[in-house]
Amino acid sequence: MYKEIVVNVAPGETRIAILEDHQLVEIMTERGEGGRIVGDIYKGVVGAVLPGMQAAFVDIGLEKSAFLHVSDMRDITADFSELIGDEPIEVEEGQRMASPNAPIQDLLQKGQEILAQVTKEPISTKGPRVTTQISLPGRFLVLVPFAGSVGVSRKIEKSPERDRLKEIAREIRPPWGGLIVRTAADGVSKRQIKRDLKYLVRMWKKINNKAESRRAPALIQREMGLTSGLVRDVFTTDVDRLVVDSRSGYREITGDLRNVAP
């Protein structure tokens, strides 16, 4: 199957089309203003703890406070598809390094500063939903600090390959975090996977350093834009051609490739 990606960069808007055998199968758009914030990481301040709802409101510097439910302080896969797209994950049980199974009033208090990642966009009068279980997607892996599990995308169906990738993930997993192997890792060498992990670990260290130096509420890390996310998630070896009509877009894509797939 011939697969092609076409990127059109216009003032204030980027459009991306994915074609298979010259037939359009998907189109995506991103506007310069009012872009998505899913995946963004903030240093926030707990504004209120609601024991009756087992939830808290967190000021992350946006117009409306973010909503944090106690389940989003425990579950490493909560709303995970919002961050990396429709990629079903099978997570193995491992040592849990997340918050203990306790009521939210024992975990948070008003005025406390926390690191939180947006999992759902604000809708109407509701603010965004956030989680304290940070997930950092790479090209082949997702790094999940504070968790001790290893998971593999269910889209990798062959058992020998799944077993190989699980073994690699178990071997290279940092002691302070968990790993999820993405579909793009199918058939990829251990060396490439380890390189992806190094990139994610560097990113996590930068996030930690920035969080320590910034006063809450503050944006700590912005999720990749549409084009960069496409390079990370979709531009794999089964793509025959990528076309972009912008010199700056070309530089962005080649720069991203140097980081995620040199």
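Each remark here, short or long, concerns the structure printed above.
Residues numbered from 1 in each chain as written. Predicted model: local features only at pLDDT ≥ 70, side-chain atom pairs only at ≥ 80, totals over all residues. Heavy atoms only, no water.

**Q** Just give me the short version of the packing of helix α5 (residues 226-233) against helix α6 (residues 247-260), but keep the residues and values in it.
**A** Where α5 contacts α6, the axes come no closer than 10 Å and their chain directions differ by 40°. Comparing their axes, α6 and α5 come out oblique. As for how α5 packs across α6, the hand of that crossing is right-handed. Facing T227, S228 and V231 of α5, the residues of α6 in contact are E252, I253, D256, L257 and V260. (Axes fitted to C-alpha atoms, helices over the stretch in contact; angles between N-to-C directions. Helix = DSSP H or I, 4+ residues; strand = E, 2+ residues; numbered from the N terminus. Parallel < 35°, antiparallel > 145°, perpendicular 65-115°, else oblique. Left-handed = near helix turned anticlockwise from the far one by under 90°. Contact = heavy atoms within 4.5 Å.)

**Q** Could you give an account of the side chain of T227, with specific residues and numbers?
**A** As for its position among the elements, T227 is in helix α5. Those residues within four positions of T227 in sequence are excluded, and the remaining contacts are V7, T14, I16, E252 and I253.

**Q** Give me the sheet that holds strand β2 (residues 13-20): which residues, what numbers.
**A** With respect to topology, four strands assemble into an open sheet ordered β3-β2-β1-β15, the strand pairing being mixed. Edge positions in the open sheet fall to β3 (23-31) and β15 (241-244), since each of these has one partner strand only. The average undirected angle you get between the axes of adjacent strands in this sheet is 15°. Contacts from α5 reach β1 (3-10), β2, β3 and β15, with the element oriented near 25° to β2. (Pairing = 2+ DSSP bridges.)

**Q** Could you give an account of the nonpolar core, with specific residues and numbers?
**A** Formed by 42 residues in total, the largest nonpolar core has its most connected members in I5, L136, L141, L143, I193 and I207. The leading source of residues in this core is helix α4 (residues 190-213), at nine residues. If we skip the residues at most four places from it in the chain, L143 touches I134, S135, L136, P174, W176, G178, L179, L197, L200, V201 and W204. Core analysis: the next-biggest nonpolar cluster, separate from the first, contains 19 residues, V38, A56, A66 and V130 among them. (Core = buried A, V, L, I, M, F, W, Y, C linked by side-chain atoms within 4.5 Å. Buried < 20%, exposed > 50% of the residue type's maximum accessible area, 1.4 Å probe, protein only.)

**Q** Talk me through the environment of K206; I want residue IDs and the actual numbers.
**A** Locating K206 in the fold gives a position in helix α4. Spatially, the C-alpha atom of K206 lies 9.1 Å from that of Q221, the residues being 15 residues apart in sequence.

**Q** Describe the packing of helix α3 (residues 159-172) against α4, and please don't skip the residues or the numbers.
**A** At their nearest, the axes of α3 and α4 sit 11 Å apart, and the two run at 45° to each other. The angle between α3 and α4 places the two elements in the oblique class. Handedness of the α3/α4 crossing: right-handed. Counted together, R164, L165, I168, E171 and I172 of α3 and K190, I193, K194 and L197 of α4 form the full contact between these two elements.

**Q** Before we move on, can you summarise the packing of aromatic side chains with the specific residues and values?
**A** Two numbers describe a pair of aromatic rings. These are the distance of the centres and the angle of the planes. According to the stated counting rule, one finds two aromatic pairs in the structure shown. Each ring, one from F57 and one from F67, has its centre 5.9 Å from the other, and the planes form 65°; the classification is edge-to-face. Of this pair, F57 sits in strand β5 (residues 55-59) while F67 sits in strand β6 (residues 66-69), and the two are 10 residues apart along the sequence. Each ring, one from F146 and one from W204, has its centre 5.6 Å from the other, and the planes form 80°; the classification is edge-to-face. Separated by 58 residues along the polypeptide, F146 in the loop between β11 (141-145) and β12 (150-153) and W204 in helix α4 bring together distant segments of the chain. The class of W204 is buried, set by a relative accessible area of 5%. (Phe/Tyr/Trp six-rings, centres within 6.5 Å; stacked < 30°, edge-to-face > 60°.)

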